[in-house]
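What follows is the residue order along each chain.
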Amino acid sequence: MRFAAVLLGVLAALLPAAGQARAEEPVRIIAFGDFGVGGDHQRSFAEGVRKFEARNRADLLVTLGDNDYTESPAAFRANWESSYGWWTRRRQVAVAGVLGNHDVKVEGGTYQFRSLSMPGRYYRRRLGPVELFLLDSNRIDARQTSWLARALRASGARWKIAVFHHPAFACGGYRSHPEVVARWLPLFERHRVVLALSGHDHNYQRFAPRRGVRHVVQGGAASNLYAPQACPAGYPRRLRALREHGFLYLSIRSGRLDGWAVWPDGRRRDHFVLRG
């Protein structure tokens, strides 16, 4: 009897009190693009990410393309290891990459697959209530688009996030990618993708939702930045534009997504909230 009483006491201590729900642990993601220049800039930027992540833990590092400007597989692997090896050594499933236009110049970018935990040119990654659809915007062919339609239709995730290099909307060094707009945006809108993340334009831009999809560009890991320009007619309204180095930090719970644009020194420059 005494043993049973002690056991019940231990179990009661481990369980939350009546009427108190256990706090939900968020899914946390760091994302940035256009970083693969190597040298001091890449290492300095990565050190900023490392220090921020030490204080603001993340579950996944997402690269938004142009992971390598050197056009050398050996240089890419050395640069990645010297910059982000701390991340990959510490985690089991910690990186998800997509390919940019510079990445596919050599071997179609396949030399990056192992370092960036990419099973192929396009794939899915699920973390709790979040599912990421990681796409190759260098080659928007019928096969990939059909795969995307099936994957979005089959997904039961509360938060669907599309990740690709060439933005649907950008007003800086680049403008809209016409094939993304024509072939993928209707799928995002139909299947309730809430967030589309891209790089390519070397800055940070955040747009008002268009038919439920919020578009964010974060190419702020680049060494050379592009000045934001006025947006053409027909674009969703741009809410924030920063010609600054930085990365994106997302914290996602079942009913709420918080996103921040973060400087390499850890200061937060922009904040947005999406409700699930």
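Residues numbered from 1 in each chain as written. Predicted model: local features only at pLDDT ≥ 70, side-chain atom pairs only at ≥ 80, totals over all residues. Heavy atoms only, no water.

Asker: Please provide a residue-by-residue account of a positive patch on the surface, values included.
Answerer: Together, Arg143, Arg150, Arg153 and Arg190 make up a positively charged patch on the protein surface. In terms of residue count, the dominant contributor to the positive patch is helix α4 (residues 142-154) (3 residues). Along the chain, Arg190 falls in helix α5 (residues 178-190). Using a relative accessible area of 57% as the deciding quantity, one classes Arg190 as exposed. (Patch = residues over 30% accessible without salt bridge, like charges linked within 9 Å, V, L, I, M, F, W, Y side chains within 5 Å. Areas by Shrake-Rupley, 256 points an atom, 1.4 Å probe, with all protein chains shown as cover. Salt bridge = Lys/Arg side-chain N within 4 Å of Asp/Glu carboxyl O. Lys, Arg positive; Asp, Glu negative; His and termini not counted. Charge placed at Lys NZ, Arg CZ, Asp CG, Glu CD. Helix = DSSP H or I, 4+ residues; strand = E, 2+ residues; numbered from the N terminus. Buried < 20%, exposed > 50% of the residue type's maximum accessible area, 1.4 Å probe, protein only.)

Asker: So what's going on with the nonpolar core? Which residues, and what values?
Answerer: Ile30, Phe32, Tyr84, Leu132, Ile161 and Leu250 are the most contacted members of the largest nonpolar core, which totals 56 residues. When near neighbours in sequence (up to four residues on either side) are disregarded, Leu132 contacts Ile29, Leu60, Val62, Tyr123, Arg124, Arg125, Leu127, Ile161 and Val163. By size, the runner-up hydrophobic cluster in this structure holds 24 residues, among which are Val180, Leu185, Leu187 and Phe207. (Core = buried A, V, L, I, M, F, W, Y, C linked by side-chain atoms within 4.5 Å. Contact = heavy atoms within 4.5 Å.)

Asker: So what's going on with the sheet that holds strand β13 (residues 268-275)? Which residues, and what values?
Answerer: Read across the sheet, 6 strands follow the order β3-β2-β1-β11-β12-β13 without closing on themselves; strand pairing throughout is mixed. On the outer flanks of this sheet lie β3 (95-97) and β13, each paired with one strand and no other. Strand-to-strand, the axes of this sheet are offset by a mean angle of 20°, without reference to chain direction. In the sheet, strand β2 (residues 60-63) pairs with β3 via 3 bridges, with the strands oriented parallel. Pairing of Leu61 across the sheet is with Val95, part of β3. Where helix α2 (residues 39-55) meets the sheet, it contacts β1 (27-32), β11 (247-253), β12 (256-262) and β13, and its direction lies at approximately 170° from that of β1. (Pairing = 2+ DSSP bridges. Axes fitted to C-alpha atoms, helices over the stretch in contact; angles between N-to-C directions.)

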